[in-house]
Amino acid sequence: MSLVPDSPLARRVAPSPNHGERRGQRPDMLVLHYTGMESGAAALARLREPLSEVSAHYLVFEDGGIVQLVPEARRAWHAGAGAWKGVTDVNARSIGIEIVHPGHAGGLPPYPDAQVAAVIALARDVLGRWPIPKERVLAHSDIAPERKEDPGETFPWDRLAAAGIGHHVPPARLRDGRFFAQGDAGQPVEALQAMFALYGYDLPVTGVFDPRTHAVVAAFQRHFRQERVDGVADASTITTLRDLIAALPTTAA
């Protein structure tokens, strides 16, 4: 690839061989990840290792430094198996940003301010080049809820939203009330699944609160209701989901 990055915010290009053609698609999603590794150097090496068969368009270090690995016009291998709004080849339709962070295995510490500021600046820059709607700025866990947890419940999505990035509403407060959990079944569960599917999650409407539904609820909480992530569809989770759907552009609903 060219040694001139697509983004002027990238300090350098460190080419990864792990990419391919976009198969006639254009990016309309931005997917954020954490690396889940012990260091940025280790993550950079893995994202450039041919045998790993993984990559991303950008890597953001703790100090805010940004490295580009794959041209935006190419299909980086960052999302893996997953889906959003019926799109199953997420790689062909997305830009992927990896964020250096130890992840859940490393205790899920707060993201450094300099790193968050860099992610915001980079996301703004990417969104200025590609027609990516706010509601398609996603967590890796949103598109692969049974496999992935990143970037996790300490990632400050509210700060991105305050900068005009991503779809967000204030999460409803935790309160007592009716809830749904694994083992529940019936029309209310069917209605809940339909709401998640309407928003974009890949969730069959079966009327049974199964492990897939539990994983989707937990992924939703990691992104939109971070105070408690337990996979239980409590009143706060359901209200937050309802408010997000109501705030969607009419063309996205």
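Scroll up to find the structure.
What counts, and where the lines are drawn
- Residues numbered from 1 in each chain as written.
- Predicted model: local features only at pLDDT ≥ 70, side-chain atom pairs only at ≥ 80, totals over all residues.
- Heavy atoms only, no water.
- Pairing = 2+ DSSP bridges.
- Helix = DSSP H or I, 4+ residues; strand = E, 2+ residues; numbered from the N terminus.
- Contact = heavy atoms within 4.5 Å.
- Axes fitted to C-alpha atoms, helices over the stretch in contact; angles between N-to-C directions.
- Salt bridge = Lys/Arg side-chain N within 4 Å of Asp/Glu carboxyl O.
- Buried < 20%, exposed > 50% of the residue type's maximum accessible area, 1.4 Å probe, protein only.
- 1 Å grid on protein atoms, 1.4 Å probe; cavity = no way out; pocket = protein on both sides within 12 Å on 5 of 7 lines; lining within 4 Å.
- Points joined across faces, edges and corners; volume = space filled by probe spheres on them.
- Nonpolar A, V, L, I, M, F, W, Y, C, P; charged D, E, K, R; others polar.

Further remarks concern the sheet that holds strand β3 (residues 29-34). With respect to topology, 6 strands assemble into an open sheet ordered β1-β5-β4-β7-β3-β8, the strand pairing being mixed. Each edge of the sheet is formed by a strand with only one pairing partner; in this case those strands are β1 (12-13) and β8 (137-139). As paired strands, strand β4 (residues 58-60) and strand β7 (residues 94-99) are joined by 3 bridges and run parallel to one another. The partner of Tyr58 across the bridge, within β7, is Ile97. In the packing of helix α2 (residues 113-127) onto the sheet, contacts are made with β3, β4, β5 (66-68), β7 and β8, and the angle to β4 comes to roughly 155°.

This structure, assessed with the given rule, holds 17 salt bridges. Of the charged contacts in the structure, one is a salt bridge between Arg23 and Asp89, with a shortest N-O distance of 2.9 Å. Residue Arg23 is located in the loop between β2 (19-20) and β3, and its partner Asp89 is located in the loop between β6 (75-76) and β7; the two are separated by 66 residues in the primary sequence. Taking the relative accessible area as the measure of exposure, Asp89 reaches 23% and is therefore partly exposed. What emerges from the salt-bridge pattern is a single network uniting Arg225, Arg228, Asp230 and Asp234.

This next bit is on the environment of Val126. By the element assignment, Val126 lies in helix α2. When its relative accessible area of 0% is taken as the criterion, Val126 is described as buried. Through-space distance from the C-alpha of Val126 to that of Ser7 is 7.5 Å; in sequence the pair is 119 residues apart. With residues near it in sequence (within four places) discarded, Val126 still touches Leu30, Tyr58, Glu72, Ile95 and Ile132.

The next thing to look at is empty space enclosed by the protein. If you walk through the whole model with that rule in mind, you get 1 cavity of 30 Å³ or more. Considered as a void within the structure, the largest cavity measures approximately 40 Å³ in volume. Lining the largest cavity are Val137, Trp157, Ala161, Ile165, Gly166, His167, His168 and His223. Of the residues contributing to the lining of the largest cavity, the split by class is 4 nonpolar, 4 polar and no charged.

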